[in-house]
Amino acid sequence: MDKEILMNHLKSKSDLNLIIDEAIKDPAILNSLMSIVPTETSSLKYACTKIIRKVSEQKPELVYPYFENIAKWLHHKNSFIKWDGILTLSNLSSVDHEDKFKVVYEEYFALIQDPQMITAANVAGNAWKIVLAKPELEGEITRRLLEVPNITYYHKGEPSPECNRIVCGRVLECFDRYYDYSKNQSAMLQFAEEQQYSHRRSVVIIAEKFLKKHTC
């Protein structure tokens, strides 16, 4: 599928799952998708980053050669592309045999401090993939996640405690993914104990389940 045909498929709003399957069969399609993202001014670029992200979930090794390109999405002015960058890089950590993540580590996890809750939640919620792929980073990543209750997130320009509670819930879900491999279990348990008093009921439920699972 050449670039022009691919563009036509995207414009016709074809089933993205079909394009994802084709990209897995023919990795050259990924090259076309990557070339569209920085040059296309229409919403087609969002479909491209989504397809790339979906391929990285199934076949991260096919997307890995584009690691540096995707890393540039972390500071893209469009939030949807930024979020796809966060998620895709977390998927690529499992095949990062060249340790490319080391170069973007600081800017990646600095996004936990991003004022926009969804950005921070995407980092926090997917950090477990990086921990499992790179256990040597577990202590430092856990430290950053434990700082979330002290971070201010904003909604419509105003500080939002509710946004902070949502990110705390994502942190708990992340901790659950790698608790058994962590050297910081006591700190995780303390975090969960504190979240039992959250004003967001769903977070309280997550905290209670976490403590029941890991203290029995």
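The structure displayed is predicted, hence computed values, not measured ones.

Rules used throughout
Residues numbered from 1 in each chain as written. Predicted model: local features only at pLDDT ≥ 70, side-chain atom pairs only at ≥ 80, totals over all residues. Heavy atoms only, no water. Helix = DSSP H or I, 4+ residues; strand = E, 2+ residues; numbered from the N terminus. Buried < 20%, exposed > 50% of the residue type's maximum accessible area, 1.4 Å probe, protein only. Polar contact = N/O pair within 3.5 Å; in protein donor to acceptor, adjacent residues only side chain to side chain. Contact = heavy atoms within 4.5 Å. Salt bridge = Lys/Arg side-chain N within 4 Å of Asp/Glu carboxyl O.

Participant: Explain the side chain of Thr49 here, please?
Facilitator: Tracing the chain through its elements places Thr49 in helix 4 (residues 44-58). Take Thr49: its relative accessible area is 0%, and that puts it in the buried class. A polar atom in the side chain of Thr49 sits 2.7 Å from the side chain of Asp84. Contacts of Thr49, omitting those with residues within four sequence positions, involve Val37, Trp73, Ile81 and Asp84.

Participant: What is the right way to look at the pattern of salt bridges in this model?
Facilitator: Pairs can form between side chains of opposite charge once their charged atoms are near each other. The full count for this structure, using the stated rule, is 15 salt bridges. One salt bridge connects Lys134 with Asp99, and the closest N-O pair in it is separated by 3.3 Å. Placement of the pair is Lys134 in the loop between helix 9 (117-133) and helix 10 (138-146) and Asp99 in the loop between helix 7 (79-92) and helix 8 (101-110), with a sequence separation of 35 residues. In this structure Lys134 comes out as buried when scored by relative accessible area, which is 6%. With a shortest N-O distance of 2.4 Å, Glu162 and Arg200 are connected by a salt bridge. A residue pair is termed long-range when its members are at least 10 positions apart, and Glu162 in helix 11 (residues 161-178) and Arg200 in the loop between helix 12 (185-195) and helix 13 (201-215) qualify at 38 residues. Using a relative accessible area of 29% as the deciding quantity, one classes Glu162 as partly exposed. Salt bridges sharing common partners tie together Glu106, Glu140, Arg143, Arg144 and Glu147.

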